[in-house]
Amino acid sequence: MDNNPYLEVFIDESKEHLQAINDNLLKLEQNPNDLPIVNEVFRSAHTLKGMAATMGYQDLANLTHQMENVLDLIRNEKIQVDESVLDVVFDSVDDLEAMVVDISEGGQGERNVETVVAKLYAIEQGEAVADALQQTESASEDVHNEETKLEVDEFTMAVLEQSADQNLHNFEISVSLREDCMLKAARVYMVFEVLEQLGEVVKSEPAVEQLENEEFDTRFTVLLVTAAEQEEVVSKIHKVSEIDQVEAKEFSVREDTESQPEPVQEESSSGTQTATAVATKPEKKQEEKPKEEPKETKQVANKTIRINIDRLDVLMNLFEELVIDRGRLEQISNELNHNELQETVERMSRISGDLQSIILNMRMVPIEQVFNRFPRMVRQLSRDLNKKIDLQIVGAETELDRTVIDEIGDPLVHLIRNALDHGVESPEERLAKGKPETGTLELKAYHSGNHVFIEISDDGGGIKREKVIEKAVNNGVVTEEQAANMNDKQVFELIMSSGFSTADQISDVSGRGVGLDVVKNTIESLGGNISIDSAVDQGSVFSIQLPLTLSIISVMLVEVQKEKYAVPLSSIIETAIVKKEDIMHAHNKKVIDFRGKVVPLVFLKDIFEVPETVEADDYYSLVIVRKGDKMAGLVVDSFIGQQEVVLKSLGDYLSGVFAISGATILGDGQVALILDSNALIK
Amino acid sequence: MTEEKTMIKVIVFQLQDEEYTIPVDRVGSIERMMTYTRVPRTASFVKGVINLRGVVTPIIDLRERFGLESVEDSEQTRIITVTINGMNVGLIVDAANDVLDIEEDSIEPPPEVVGTVEAEYIQGVVKFEQRLLILLNMSKVLSGDDVKQLQEMDV
C-alpha cells in the first residue's frame, strides 16, 4: 500500500477537504441559516467519502457517509443547525482527521467511531423520519446490484446516486490489457490517470491494491463517475498503449436496475460478448449529451498542480549550479572582452535572475496553511476553559517559505494556548472589570522588509510584573537584585527563559511540562526572535519576527587572511574600521569603545586558526555583531560585500562544528563557511 | 561467473603501497582533486569541504586518518565520494585503480597485523590473483567519535 501512487494524493486531498469542512462548519456556526455553506460542506464530505471508498478505507467512508446523511438533512431543512448538532459533526471531523493522519502514517485508517456514528444516527433518526425511509430504499437497491459483476457497497451506491442527480454519468468500464503486456501495473496506472482526469473512479474490481501488485489476469473493471461522454472515455483509454479492449457502459443505480442487469450478467459470463453491448450504447448516450457539455468546461478551470517539495529542492539545487556557471561565464566574457558574448551573458544573467525569483516564489506558501487550523482549536479551547473568545485572523495570505511554515505551527499553537489559558479572563472576571464578556484574540501576519511578523495579541489580563518576578526568583531564574533593575520588557521575557515554567502548573490547555522557552528556542533556531509587550488589564502582544526563507540569507562576505567567511546580515549591527591605537584592554581582553559602549573584539584569525599569509596593517576591519543585548566586534582582514546566498548544511559528518552554522557556494564555485556569531559572543 | 557464488563489485584504490577496496554501491563518484575550503576546528584529517555539483561535501584525507605520512597531491590523487549511514563524505586517496568482481566467500578475516593501518578499520582481506586487497569497514572509518573528541577538546 505504501507504494500506492494515489495514496499521497488521497492524503493531501483528504486533508484539504477536511480543512474546507472545518472552515465551513465554523462559518455555519456563525450563520446557521446559510444553506449554501451546508452545500459546500456536503460537497467536500461527499468527495471525501468517494475517495475513501475507492481507496478501501471503509471506516473513513462509513463515518463520512453518516455525517453526510446529517448534512443532507440540514441542507433540506429537515433539521435545524444548532450547537449540539454541530458538536457532533465537529467530533466526527476530528475522528476523520485522526483517521487520515493514521493513514498518512502508514496505518489503515481504522478507528472506533461507534459512538460518533451512533450520535449522528440519532440526529438523523430523531428529527427526520422521512429520510430514514430513503435510507432503506437505497439499501434495498444494494441487494439488486449485488448480482452484477461489480459489487457496489452502500457508500459507493450513494456516490453513484448523487452523481446521477447531478447529471453525471456512471460508467462501468472494463479494460482488457494485451496478453503480452509487460508492465501491467504501469498500464493500469496510466489508465487510472486517464480516468481521474475524466472524473472520479469510485470502485474498481479487482481492488486498486491488487491491480497495483499485478494480482489480476489481463482484465479489470472500474466504476467511473464522469461528466464526459462514453466515446470520449473509451477513446482516451485506448490512447494508453498495450490496451486490447475497452468497454464502457452506463452503470445505473435506480430506474434502470431492471433493464440493466441483463447485459451486465452476460458480460460476466463471457468476456467476448460485451463487444455488442459497446456498439449499442453510444446511441443511448447521445440523448444526454447537450446537458453534459457545460459541466465539462467547468472542470478545466482548475489550474494548480501539486508538486512534491523535494522536487522543488532538486530544481533549486540545479538552479544553483546554473548560477555558479553563470558566474564563470561572466568572468570569462569579461576577460575576453567580446561584445556579442558579453551581451549574451548579460541577457542570460537577467533571465536567470528572473528564474531565481520564480523558483523562490514557488516555495512560498501562504501562512493560511498554519492559521487555518486555529479557529477550530480556539473554539474547542474556549469551550474547555469556559471562556468566550473571538478569534480574528489578519493577513492569512502573507507568504512564507515552506521550510519556515513547517516549523512555525507548534510554537504558534503554544502561544495561542497560553494566551487563552493565562491571558484572557473568564467572562465573569471580564464583566467585573468592565470589559466586554467576549475576549478577543488577534492573530496577525504581515511582511516588513525581509521579514515576516506574526503577532498574537489578546485583550486579557496582561502580565503582572510582580508575579513574574516572584516566580522567577522562586525558581532561581534571576536574583531579586537583578529583577529590581530590569525594565518591564526584560521582566516579560523572563517567562520565556528556561526553568521558569515548572511542571506543577501543567494544565490540559497550556503547559504540558514545556514552557515558553521551547517556543523561544524554536523561533530563534529559525533565525527569528520573539518579544512581548503587555499592559495589566489591557492584554499582551507576543510578536514574532521571522526570516522570509531559511534557504536564502543575506550575508556580508569577509576575508580572514585568504579565507572567505559569510556573516549573516541579521546579526550585524554595522561595520567599522578602527586604528590599532584605539584598541583598549580590559580584563586581558581587547575591547573598543563603540558609540559609548565597550565592545570586546573577537579575532577570527586566532579562533579559526587561519594560516597567516597577509601582512597586517595599522587598521582593524570590524564587523560589529550582536546577540540580544550583547555585542562583539569580529576582526577580519577585509570586507568583500553584501550578497544573497543559498544556505547549505555541512552534512551530517561535520555537524556541530564550532561557530559555523553552514556553508554556501560562491559565484566562483568555491565553498564559503557561514559564521554563527551567536557562538562567538559569550 | 558461476551462479552459486555471490560476487560483489568493489572499487580498488591505492594508499601508500597497499590496495584497498570499497563496495561499489557505497561509492557515489570518483573525482579529481579539487580546491577545497578548510573548516576550522575540526580533526586534522578533515581537509575541509568541496562543492560537489552543488552539494557541500566534507572530504577527509585517508592517509591522515590512518596515520600514514602525508604526501603532495599528484595527478593521480582522487576523491572517492561514499555514502555511509546517510553521511556523504569524500575520501582523498592516492589513486583509484580498478573495479573488480570478487567472491564474497573469498573474503578472509583480517590477519593480526596488516601493514600500518589500524585493524579496526579493516573488515577483511581478499586475495585476488596476485594482489592482496584490504576491505575497509567504512562505518568505522567514518565514525564520528574522533571528530567529536577533537571538537570537545577545542571548545
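Please read all numbers here as calculations on a predicted model, not as lab measurements.

## Structural notes on the overall build of chain A
Thought 1: Looking only at helices and strands, one finds 25 helices and 22 strands in chain A.
Thought 2: Burial statistics for chain A: of 682 residues in total, 32% are counted as buried.
Thought 3: Contacts spanning at least 24 positions in sequence make up 68% of the contacts within chain A whose residues lie at least 6 apart.

## Observations concerning the overall build of chain B
Thought 1: Along its length, chain B carries three helices and 11 strands.
Thought 2: Ordered by position from the N terminus, the helices and strands of chain B form the series β-β-β-β-β-α-β-β-β-β-β-β-α-α.
Thought 3: Split into buried and exposed, the 155 residues of chain B put 32% on the buried side.

## A few points about the packing of helix α3 (residues 58–75) of chain A against helix α4 (residues 83–104) of chain A
Residue and element names in this part refer to chain A.
Thought 1: Closest axis-to-axis distance for the α3/α4 pair is 10 Å, and the angle between their directions is 160°. Considering the angle they form, α3 stands roughly antiparallel to α4. The handedness of the crossing between α3 and α4 is left-handed. Two secondary-structure elements touch here, α3 through Asp59, Leu60, Leu63, Thr64, Met67 and Val70 and α4 through Val89, Ser92, Asp95, Leu96 and Met99.
Thought 2: Grouping the constituent residues of the contact of α3 with α4 by class yields seven nonpolar, two polar and two charged.

## Things to note about the confidence of the model for chain B
Thought 1: Scored by pLDDT, chain B comes out at a mean of 81, with 85% of its residues at no less than 70.
Thought 2: pLDDT under 50 marks residues 148–155 of chain B. Its contacts with residues more than four places away, or in other chains, come to eight contacts.

## Focus on unusual backbone geometry
All names here are of chain A.
Thought 1: The backbone of Arg595 sits at a positive phi, close to 45°, despite the residue not being glycine.
Thought 2: Within the element layout of this structure, Arg595 appears in the loop between β16 (589–594) and β17 (597–603).
Thought 3: Positive phi values are uncommon outside glycine, yet Glu609 reaches one of about 50°.
Thought 4: Examined against the element boundaries, Glu609 turns out to sit in the loop between α24 (604–607) and β18 (619–627).

## Considering the packing of helix α2 (residues 35–55) of chain A against α3 of chain A
Residue and element names in this part refer to chain A.
Thought 1: Running from amino to carboxyl end, α2 crosses α3 at an angle of 160°, the nearest separation of the two axes being 9 Å. With respect to α3, the axis of α2 lies roughly antiparallel. Remark: the crossing between α2 and α3 carries left-handed chirality. In this structure, α2 uses Leu35, Val38, Asn39, Val41, Phe42, Ala45, His46, Leu48, Lys49, Ala52 and Ala53 to contact α3, whose residues at the interface are Leu60, Ala61, Thr64, His65, Met67, Glu68, Leu71, Asp72, Ile74 and Arg75.
Thought 2: Per-class residue counts for the contact of α2 with α3 are 13 nonpolar, four polar and four charged.

## Considerations on the nonpolar core
Thought 1: One finds Tyr565, Val567, Val623 and Leu634 of chain A together with Ile80, Leu91 and Leu136 of chain B to be the most contacted residues of the largest nonpolar core, which totals 73 residues.
Thought 2: Non-local contacts of Leu634 of chain A, meaning those with residues more than four positions away in its chain, are made with Val567, Val602, Leu604, Leu622, Val623, Val625, Ser677 and Leu680 of chain A.
Thought 3: Ranked by size, the runner-up nonpolar core spans 62 residues in total, among them Leu28, Ile103, Ile123 and Val208 of chain A.

## As for the environment of Thr613 of chain A
All names here are of chain A.
Thought 1: With respect to the helices, strands and loops of the structure, Thr613 is situated in the loop between α24 and β18.
Thought 2: Residue Thr613 is classed as exposed on the basis of its 9 C-beta neighbours within 10 Å.
Thought 3: Apart from residues lying up to four places away in sequence, Thr613 is in contact with Gln561 and Lys562.

## Quick word on the interface of chain B and chain A
Thought 1: Residue-level contacts link 24 residues of chain B with 23 residues of chain A.
Thought 2: Mapped onto the side of chain B that touches chain A, the elements with two or more residues apiece are β4 (46–52), β5 (55–61), β7 (87–93) and α3 (145–154) of chain B.
Thought 3: At four residues, the largest contribution of residues to the side of chain B that touches chain A is made by β4 of chain B.
Thought 4: A breakdown of the residues in the side of chain B that touches chain A according to their chemical character gives 11 nonpolar, nine polar and four charged.

## Some details on helix α14 (residues 309–336) of chain A
Thought 1: Its 28 residues place the ends of α14 of chain A 40 Å apart at the C-alpha level, agreeing with the 40 Å of an ideal helix rising 1.5 Å per residue.
Thought 2: In the segment just after α14 of chain A, Asn337 of chain A is the residue with positive phi, at about 55°.

## Overview of the sheet that holds strand β19 (residues 630–636) of chain A
Residues and elements named next belong to chain A.
Thought 1: Sheet architecture is open: six strands sit in the order β14-β18-β19-β17-β16-β15, paired in mixed fashion. The open sheet has two edge strands with one neighbour each: β14 (572–579) and β15 (584–586). Here the strands of the sheet are splayed against their neighbours by 40° on average, with no regard to which way each runs.
Thought 2: Across four bridges, β16 lies against β17 in antiparallel orientation. Across the sheet, Asp593 pairs through a bridge with Val598, a residue of β17.

## Overview of the sheet that holds strand β9 (residues 107–108) of chain B
Thought 1: Judged by pairing direction, the sheet is mixed, and its six strands sit side by side in the order β8-β1-β2-β11-β10-β9 (chain B) without closing on themselves. Every other strand in the sheet has two partners, leaving β8 (95–103) and β9 of chain B as the edge strands with one partner each.

## So, the confidence of the model for chain A
Detailed reading of predicted coordinates is not advised where the pLDDT is low.
Residue and element names in this part refer to chain A.
Thought 1: Mean pLDDT over chain A: 76, with 83% of residues reaching 70 or higher.
Thought 2: Every residue in residues 255–300 scores below 50 in pLDDT, and together they form 42 contacts with partners more than four places removed in sequence or on other chains.
Thought 3: Taken together, the stretch residues 502–513 has pLDDT below 50 and engages in 19 contacts with residues farther than four places along the chain or on a different chain.

## What about the environment of Leu132 of chain B?
All names here are of chain B.
Thought 1: Looking at the secondary structure, you find Leu132 in strand β11 (residues 131–136).
Thought 2: Of the residues examined, Leu132 has 13 C-beta atoms within 10 Å and is grouped as partly exposed.
Thought 3: Setting aside anything within four residues of it in sequence, one finds Leu132 in contact with Val125 and Lys127.

## Considerations on the pairing of strand β6 (residues 78–84) of chain B
Residue and element names in this part refer to chain B.
Thought 1: Where strand β3 (residues 27–32) meets β6, five bridges bridge the pair, whose relative direction is antiparallel. The partner of Glu31 across the bridge, within β6, is Ile79.
Thought 2: Bridge analysis of β6 against β7 gives seven bridges, and the strand direction is antiparallel. Across the sheet, the residue bridging to Arg78 is Val93, located in β7.
Thought 3: Counting the residues between successive antiparallel strands, the hairpin from β6 to β7 contains two residues, one of them, Asn85, with a positive phi of roughly 50°.

Reading guide: rules and limits
Residues numbered from 1 in each chain as written. Chains lettered and ligands numbered in written order. Predicted model: local features only at pLDDT ≥ 70, side-chain atom pairs only at ≥ 80, totals over all residues. Helix = DSSP H or I, 4+ residues; strand = E, 2+ residues; numbered from the N terminus. Buried ≥ 20, exposed ≤ 12 C-beta atoms within 10 Å, placed from the backbone. Contact = placed C-beta atoms within 7 Å. Axes fitted to C-alpha atoms, helices over the stretch in contact; angles between N-to-C directions. Parallel < 35°, antiparallel > 145°, perpendicular 65-115°, else oblique. Left-handed = near helix turned anticlockwise from the far one by under 90°. Nonpolar A, V, L, I, M, F, W, Y, C, P; charged D, E, K, R; others polar. pLDDT = per-residue confidence, 0-100. Core = buried A, V, L, I, M, F, W, Y, C linked by C-beta atoms within 7 Å. Expected span 1.5 Å × (residues − 1). Pairing = 2+ DSSP bridges.

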